[in-house]
Amino acid sequence: GQSLEQPSEVTAVEGAIVQINCTYQTSGFYGLSWYQQHDGGAPTFLSYNALDGLEETGRFSSFLSRSDSYGYLLLQELQMKDSASYFCAVNPGGFKTIFGAGTRLFVKA
Amino acid sequence: NAGVTQTPKFRVLKTGQSMTLLCAQDMNHEYMYWYRQDPGMGLRLIHYSVGEGTTAKGEVPDGYNVSRLKKQNFLLGLESAAPSQTSVYFCASSPGSGNTIYFGEGSWLTVV
């Protein structure tokens, strides 16, 4: 089977740094993506890692270790508007993208 | 920029009724998808299409049918709705496998 595991909830304070982990077990691997979804909204793309290492996009960074089947999303200088659900997703090859169950991030003042 | 547009946004169905969810994208993407999202279960792929005239089953295809008669449109049909199909449905598109997926705003379906 194919599965992605990520924590169900994370809570952090405004201005802090938070890391959301994702481990995956898939038949193939072509890349790890992260999506953000606010309540009642559509998932929107944040980042993509095809190779090992860190990708930085403003306050958000994403890391991948293919040998460990592991990645994480790092959010810095947290803002209240970052309160949302975050999904990791894997392209195992072919035409499908498989999503994790999502991590709900609560940012407190 | 319209992106991916879904209709209707909200619908209540009685058990056994049929309906079609419409999806249109204006980005000339080859790939289109239908996902359903349920609490605590993330996004699960129902059906997908890799080009006009093609469709394929995803993770949870039972009870649904799809058609891709035109490149820009991807229709999701429920022939005989069941309460288990109460969910939020997202249409999405991408230019190719492994690329960024662009989602529509979602369709909230309740089957009573």
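Above: the structure in question.
From a predicted model like this one, the values you see are computed outputs, not experimental measurements.

A.B. asks: Explanation requested: the pairing of strand 2 (residues 9-13) of chain A in the structure shown.
C.D. replies: The two faces of the sheet receive side chains in turn, since in a regular strand these alternate between them. Residues and elements named next belong to chain A. Residue alternation in strand 2 divides its side chains into a buried set, Val10 and Ala12, and an unburied set, Glu9, Thr11 and Val13. Here strand 2 runs beside strand 11 (residues 103-108); their pairing, made up of five bridges, is parallel. Each bridged residue has a counterpart across the sheet, and for Ala12 the counterpart in strand 11 is Val107.

A.B. asks: Whenever I open this one, the packing of aromatic side chains confuses me. Can you help?
C.D. replies: Two descriptors summarise a pair of aromatic rings, namely the distance from one centre to the other and the angle between the planes of the rings. All names here are of chain B. Taken as a whole and judged by the stated rule, the model has 14 aromatic pairs over all chains. The interplanar angle of 35° and the centroid separation of 5.6 Å between the aromatic rings of Phe10 and Trp108 together place this pair among those described as tilted. Within this pair, whereas Phe10 is found in strand 2 (residues 10-13), its partner Trp108 is found in strand 11 (residues 107-111), the two being separated by 98 residues in sequence. Residue classification places Phe10 among the exposed positions, given a relative accessible area of 57%. Here Trp108 falls in the partly exposed class, since its relative accessible area comes to 26%. Aromatic side chains Tyr64 and Tyr89 sit 5.8 Å apart centroid to centroid with 65° between the ring planes, which places their arrangement in the edge-to-face category. Placement of Tyr64 in strand 7 (residues 64-67) and of Tyr89 in strand 9 (residues 87-94) is noted, with a sequence separation of 25 residues between them. In this structure, Tyr64 and Tyr89 share a single accessibility class: buried.

Rules of the game
All chains use their own residue numbering, which begins from 1 and follows the written sequence. Here the convention is simple: chains get letters from A, ligands get numbers from 1, in the order in which they are written. Only residues with pLDDT of 70 or above have their local features reported here, since the model is predicted, and side-chain atom pairs are shown and tallied only from 80 upward, although totals for entire chains, interfaces and linings are computed over all residues. Where side-chain values are given, they derive from all heavy atoms of the structure, hydrogens and water being excluded. Relative accessibility thresholds used throughout: buried, under 20% of the residue-type maximum; exposed, over 50%; partly exposed, between the two (1.4 Å probe, protein chains only). Secondary structure elements follow DSSP: runs of H or I no shorter than four residues count as helices, runs of E no shorter than two count as strands, and numbering proceeds from the N terminus. Following DSSP output, two strands are said to pair if at least two bridges run between them. Only Phe, Tyr and Trp rings take part, Trp by its six-membered ring, and two of them pair if their centres are within 6.5 Å. Stacked means planes under 30 degrees apart, edge-to-face means over 60, and tilted covers everything else.

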